[in-house]
Amino acid sequence: MTASRIALVTGANQGLGRALVEGLAARMQPDDLVLLTGRNPQRVSEAAREVAQLPGSRARVEGRVLDVTDTGAIGRLADELRTRHGGLDVVISNAVARVLPDESQSARADEFIDVSNTATHAILRSFGPDLRPGGRLLVVASSLGTLGHLDPRLHHLFDGADLDQVEDAVESWRTAVHNKTAQEAGWPRWLNVPSKVAQVAAVRALAAERRERDLADDVLIASVCPGMVDTATSRPWFSDYSHAQSPTDAARAILDLIFTEPVDPALYGELIRFGKPLPWHDGTPPIEQDRLLTP
């Protein structure tokens, strides 16, 4: 990747997103720009200022207010960056809606889907075309994003699907949740599972369209699993945090992936955890976890 690079991280006020911004600012050059985004103007401004003042920061850091549930805002930001900079070099989609175990999964479905899935689709569509040679577009997902975590009845919705079909599958899931027919159709109660599978499927869909051209240009499009991370979003879900990573530690493998050249073709379009691809068809439905959740 050449000088004057542009990096964008969504959901970057705190936790893993903030750690990714810090790592990018430390590894990039003084004439590069890292854009930290979030919904709250004050938090965005404070986070950008704090990262810029860290002793190890070298690149410029700026905050941008971006509500990822506003797909129009995503498109406008892409237009602005295209006009001002001609494209981007790093895009990391990291935004997530926090849902607690004792909250109703169905009541929070719209927000969760809008933040995790509708936004991911908009980011892929809006920023994918603007990646420069050597670019990286990563969607932070989870090892729960492999197809085997879904009921086999649902596999055909995502396996080999294009991006339009993934979007249709997500909306059919949303409708089933509202109609209270989701479990009957095989959808798990735990929102995180179909959401992550759909994220990974969306990345795979875009990557399938671009693979040959992107590999020739050393461009990587992939989803990433950071492993267990000790954050406010994940802590309520686990009783044993003895193996959890700090956000800084979890960010390291993702940053290494960004700055490793050339792209390993075996990683392109895949769900990557600690530098290794996870098999798409692996996994089993988390029945016990699902049973314990509030509908």
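Residues numbered from 1 in each chain as written. Predicted model: local features only at pLDDT ≥ 70, side-chain atom pairs only at ≥ 80, totals over all residues. Heavy atoms only, no water.

**Things to note about the overall build of the protein chain**
If you tally the helices and strands in the protein chain, you get 10 helices and 8 strands. Relative to its length of 295 residues, the protein chain is compact, with a C-alpha radius of gyration of 18 Å against a globular reference of 19 Å. If one aligns the C-alpha atoms of the protein chain with their principal axes, the spans along those axes are about 55 × 40 × 35 Å. Out of the 295 residues in the protein chain, the part that is buried amounts to 52%. Within the protein chain, contacts between residues separated by at least 24 positions form 78% of all contacts whose residues are at least 6 apart in sequence. Surface exposure of the protein chain reaches about 12900 Å², of which carbon and sulfur atoms provide 50%. Put simply, the protein chain has 31 plus and 40 minus side-chain charges, and the middle of one group is 4 Å from the middle of the other. (Helix = DSSP H or I, 4+ residues; strand = E, 2+ residues; numbered from the N terminus. Rg over C-alpha atoms; globule rule 2.2 N^0.38 Å. Buried < 20%, exposed > 50% of the residue type's maximum accessible area, 1.4 Å probe, protein only. Contact = heavy atoms within 4.5 Å. Areas by Shrake-Rupley, 256 points an atom, 1.4 Å probe, with all protein chains shown as cover. Lys, Arg positive; Asp, Glu negative; His and termini not counted. Charge placed at Lys NZ, Arg CZ, Asp CG, Glu CD.)

**Some points on the packing of helix α1 (residues 15-27) against helix α9 (residues 247-259)**
Where α1 contacts α9, the two axes come as close as 8 Å, and the packing angle between them is 50°. For the element pair α1 / α9, the angle class is oblique. You can see that α1 and α9 cross each other, and the crossing is right-handed. Across from G15, L16, A19, L20, G23, L24 and R27 in α1, the residues of α9 making contact are P247, T248, A250, A251, R252, I254, L255, D256, I258 and F259. Split by residue class, the contact of α1 with α9 holds 11 nonpolar, 3 polar and 3 charged. (Axes fitted to C-alpha atoms, helices over the stretch in contact; angles between N-to-C directions. Parallel < 35°, antiparallel > 145°, perpendicular 65-115°, else oblique. Left-handed = near helix turned anticlockwise from the far one by under 90°. Nonpolar A, V, L, I, M, F, W, Y, C, P; charged D, E, K, R; others polar.)

**A look at the pairing of strand β4 (residues 88-93)**
Counting buried positions along β4 gives 6 out of 6 residues, so the element sits mostly inside the fold. Relative to β4, strand β1 (residues 6-9) runs parallel, the two sharing 3 bridges. If you follow A7 over to β4, its bridge partner there is V90. What joins β4 to strand β5 (residues 131-140) is helix α4 (residues 109-127), and the crossover it makes is right-handed. (Pairing = 2+ DSSP bridges. Right-handed = clockwise from strand over helix to strand, strands pointing away.)

**Some points on the environment of E50**
Looking at the secondary structure, you find E50 in helix α2 (residues 41-52). Given the relative accessible area of 36%, E50 is considered partly exposed. As a C-alpha pair, E50 and T83 span 33 residues in sequence and 28 Å in three-dimensional space.

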